[in-house]
Amino acid sequence: MSVTIALEPPRQEGVIRLLDLSDAYAQSLYPAESNHLVDLSVLEKPSVSFLVARSDDVIVGCCAMVEAGDGTAEIKRMFVDPEARGLRIASGLMNALEAIAEKKGLTAIRLETGIYQPEAIALYRKYGYREIEPFGAYLPDPLSLFMEKRLG
């Protein structure tokens, strides 16, 4: 099974399916006020790098890097199809995302994830992300974990 990861537009059927799965998963774990999901229109902005993972041309994963305009960016909408988990797709997405961040000269990548997602937290820690205080427009939330990796 070959997996490819590339920058692609988010408005395509396979991506929308993954975002719907991601929304349902997040809504099953957290109340609405603790879900910080961005919609498709945000993902289409020029300040967003959107990555799509394909296995044999089927979309199996995605993630976005949203630039903040201050030399930092935030990871949003990282999701791998449950049927494709265990194939290191999330690691491939992280490697591609960090390569883009380095090429753009960003100083840090940040993220917010939920405390009930141990696999995601373990992935981010493996990649050197450390816990930080809420950033940007986020408010403190006992169900959220905020993380950052300094680059450069």
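Residues numbered from 1 in each chain as written. Predicted model: local features only at pLDDT ≥ 70, side-chain atom pairs only at ≥ 80, totals over all residues. Heavy atoms only, no water.

Draft legend 1. Region of interest: the nonpolar core. Core analysis: the biggest nonpolar cluster contains 27 residues, and I75, L93, M94, Y124 and Y129 have the highest contact counts within it. Taken together, the elements giving at least two residues each to this core come down to β2 (48-55), β3 (58-67), β4 (72-80), α3 (89-104), β5 (108-114), α4 (118-126) and β7 (144-150). In terms of residue count, α3 provides more of this core than any other element does, 6 residues in total. In this view, M94 contacts I75, M78, L123, Y124, Y127 and Y129; residues no more than four positions away in its chain are not counted. Listed in part, the 14 residues of the second largest apolar core include L18, L40, V52 and C62. (Core = buried A, V, L, I, M, F, W, Y, C linked by side-chain atoms within 4.5 Å. Buried < 20%, exposed > 50% of the residue type's maximum accessible area, 1.4 Å probe, protein only. Helix = DSSP H or I, 4+ residues; strand = E, 2+ residues; numbered from the N terminus. Contact = heavy atoms within 4.5 Å.)

Draft legend 2. Spotlight on the pattern of salt bridges. What the rule picks out here adds up to 11 salt bridges. Across the salt bridge formed by R54 and E8, the nearest N and O atoms sit 2.9 Å from each other. Taken together, the residues R54 in strand β2 and E8 in the loop between β1 (3-7) and α1 (13-29) connect sequence positions 46 residues apart. When sorted by exposure, R54 lands in the same class as E8, which is buried. K104 is the salt-bridge partner of E67, the closest N and O atoms lying 2.9 Å from each other. Here K104 lies in helix α3 and E67 lies in strand β3, a separation of 37 residues in the sequence. (Salt bridge = Lys/Arg side-chain N within 4 Å of Asp/Glu carboxyl O.)

Draft legend 3. Here's a closer look at the pairing of β5. Among the 7 residues in β5, 7 count as buried, and that is most of the element. Residues of β5 alternate between two faces, with A108, R110, E112 and G114 on one and I109, L111 and T113 on the opposite face, all of them buried. Relative to β5, β4 runs parallel, the two sharing 4 bridges. When the bridges of β5 are listed, A73 appears paired with I109. A crossover connection joins β4 to the parallel β5 through α3; in handedness this β-α-β unit is right-handed. (Pairing = 2+ DSSP bridges. Right-handed = clockwise from strand over helix to strand, strands pointing away.)

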